[in-house]
Amino acid sequence: MAVNGALATATIVAGLTLAAWGGLTALLDRPPGRTHVWGAGLVEALLAALAGSVLIGLAGGGTVAEPVLFAGYLLTTLALLPAAVILARMEPSRWGSAIVGGAALVVPVLILRLQQLHG
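Residues numbered from 1 in each chain as written. Predicted model: local features only at pLDDT ≥ 70, side-chain atom pairs only at ≥ 80, totals over all residues. Heavy atoms only, no water.

Peer 1: I would appreciate a short explanation of the overall build of the chain in the present structure.
Peer 2: Along the backbone of the chain there are 4 helices and 0 strands. Mapped from its N terminus to its C terminus, the chain presents α and β elements in the order α-α-α-α. With respect to the principal axes defined by its C-alpha atoms, the chain has extents near 50 × 25 × 20 Å. Among the 119 residues that make up the chain, the fraction classed as buried is 39%. If you take every contact in the chain between residues at least 6 apart in sequence, the share linking residues at least 24 apart comes to 82%. Per element, the accessible surface of the chain, about 6,300 Å² overall, is 73% carbon and sulfur. Taking the average location of the 5 positive side-chain charges in the chain and that of its 4 negative ones, the two points are 9 Å from each other. (Helix = DSSP H or I, 4+ residues; strand = E, 2+ residues; numbered from the N terminus. Buried < 20%, exposed > 50% of the residue type's maximum accessible area, 1.4 Å probe, protein only. Contact = heavy atoms within 4.5 Å. Areas by Shrake-Rupley, 256 points an atom, 1.4 Å probe, with all protein chains shown as cover. Lys, Arg positive; Asp, Glu negative; His and termini not counted. Charge placed at Lys NZ, Arg CZ, Asp CG, Glu CD.)

Structure representation (structure tokens):
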């Protein structure tokens with residue numbers, strides 16, 4: 001399965017939704033809460049499913065333009081939100097919400113870059 005598809009689109013939409021939620025709560029001067037953690041968990045689950053489908057496609061004979069760069073983007077995509085949630089929990093202020101929102105905003109960009117390298 002290619003990076004292009006319904007799963008990638010759903011992941012992008014979920015990432016942008018989490019980014020908007022993080023930005024809104026930061027603007028309202030609220031610390032990150034359970035909704036941020038649950039939202040990041042949902043996006044992370046979608047990312048894991050996307051990564052799994054891409055790896056299965058590559059094992060089935062698919063190719064990428066630059067494998068090392070592709071692997072780096074894939075690992076970064078998977079590690080970004082958990083790291084952001086950890087940092088956000090360490091910063092229980094509006095900036096913690098901004099951390100989650102900012103990291104979630106990067107996720108769609110990483111997916112688009114993966115699409116460029118894979119497709």
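Peer 1: Help me understand helix α3 (residues 67-90) in this model?
Peer 2: Note on helix geometry: an α-helix contains 3.6 residues per turn, so any two residues three or four positions apart are oriented the same way. A rise of 1.5 Å per residue sets the reference length of α3, with its 24 residues, at 34 Å; its end C-alpha atoms lie 35 Å apart and thus fit the reference within 8%. The sharpest bend along α3 reaches about 30° and sits at Ala 79, with the proline Pro 82 one to four residues further on. Phe 70, Leu 74, Thr 77, Leu 81, Ala 84, Val 85 and Ala 88 are the residues of α3 that are buried. Looking at the buried side of α3, the elements it contacts are α1 (6-27), α2 (34-59) and α4 (94-118). (Expected span 1.5 Å × (residues − 1). Bend = angle between axes of the 7 residues up to and from the residue.)

Peer 1: Could you clarify how one ought to interpret the side chain of Ser 97 in this entry?
Peer 2: Along the polypeptide, Ser 97 turns up in helix α4. The contacts of Ser 97, once residues within four sequence positions are left out, are Gly 22, Thr 25, Ala 26, Arg 30, Pro 31, Pro 32 and His 36.

Peer 1: When you look at the pattern of salt bridges in this model, what are you seeing that I'm missing?
Peer 2: Two side chains of opposite charge can pair, provided their charged atoms sit close to one another. Counted by the stated rule, this structure contains 1 salt bridge. Note that Asp 29 is salt-bridged to Arg 94, the shortest N-O span being 3.9 Å. Linking Asp 29 in the loop between α1 and α2 with Arg 94 in helix α4, this pair joins segments that are 65 residues apart in sequence. Note on Asp 29: relative accessible area 51%, which makes it exposed. Owing to a relative accessible area of 29%, Arg 94 belongs among the partly exposed residues under this scheme. (Salt bridge = Lys/Arg side-chain N within 4 Å of Asp/Glu carboxyl O.)

Peer 1: Which parts of the structure should I look at to understand a nonpolar patch on the surface?
Peer 2: On the surface, Trp 21, Leu 24 and Leu 28 cluster together into a nonpolar patch covering about 270 Å² of accessible area. When you line up the elements, Leu 24 lands in helix α1. (Patch = residues over 30% accessible without salt bridge, like charges linked within 9 Å, V, L, I, M, F, W, Y side chains within 5 Å.)

Peer 1: Can you help me understand the environment of Val 85 in this one?
Peer 2: One can find Val 85 in helix α3. Leave out the neighbours within four places in its chain, and Val 85 touches Val 37 and Ala 40.

Peer 1: Explain the nonpolar core to me, please; I cannot follow it from the model alone.
Peer 2: One broad rule of soluble globular proteins: the nonpolar side chains tend to lie buried together. If you look at the biggest cluster of nonpolar residues, it comprises 27 residues, and the most contacted ones within it are Leu 18, Val 43, Phe 70, Leu 81 and Ile 111. Secondary structure elements with two or more residues in this core: α1, α2, α3 and α4. Those residues in contact with Leu 18 that sit more than four places away from it in its chain are His 36, Gly 39, Ala 40, Val 43, Leu 81, Val 100, Gly 101 and Ala 104. (Core = buried A, V, L, I, M, F, W, Y, C linked by side-chain atoms within 4.5 Å.)

Peer 1: Explain the packing of α2 against α3 here, please?
Peer 2: Pairs of packed helices are described in terms of their axes, by the angle between the two and the distance that separates them. Following both chains from N to C, one finds α2 and α3 inclined at 165°, their axes separated by 11 Å at the closest point. Classed by the angle they form, the pair α2 and α3 counts as roughly antiparallel. For the crossing formed where α2 meets α3, the hand is left-handed. Note on element contacts: α3 touches α2 through Phe 70, Leu 74, Thr 77, Leu 78, Leu 81, Pro 82, Val 85 and Arg 89, opposite Val 37, Ala 40, Val 43, Glu 44, Leu 47, Ala 48, Ala 51, Val 54, Leu 55 and Leu 58. Looking at the contact of α2 with α3 residue by residue, the class counts come to 15 nonpolar, 1 polar and 2 charged. (Axes fitted to C-alpha atoms, helices over the stretch in contact; angles between N-to-C directions. Parallel < 35°, antiparallel > 145°, perpendicular 65-115°, else oblique. Left-handed = near helix turned anticlockwise from the far one by under 90°. Nonpolar A, V, L, I, M, F, W, Y, C, P; charged D, E, K, R; others polar.)

Peer 1: Is there a simple way to think about the packing of aromatic side chains in this case?
Peer 2: Aromatic ring pairs: the centre-centre distance and the angle between the two ring planes describe each pair. Applying the stated criterion across every chain yields a total of 0 aromatic pairs. The ring of Trp 95 carries the charged tip of Arg 94 above its face, separated from the ring centre by 5.6 Å. (Phe/Tyr/Trp six-rings, centres within 6.5 Å; stacked < 30°, edge-to-face > 60°. Lys NZ or Arg CZ within 6 Å of the ring centre and 35° of its normal.)

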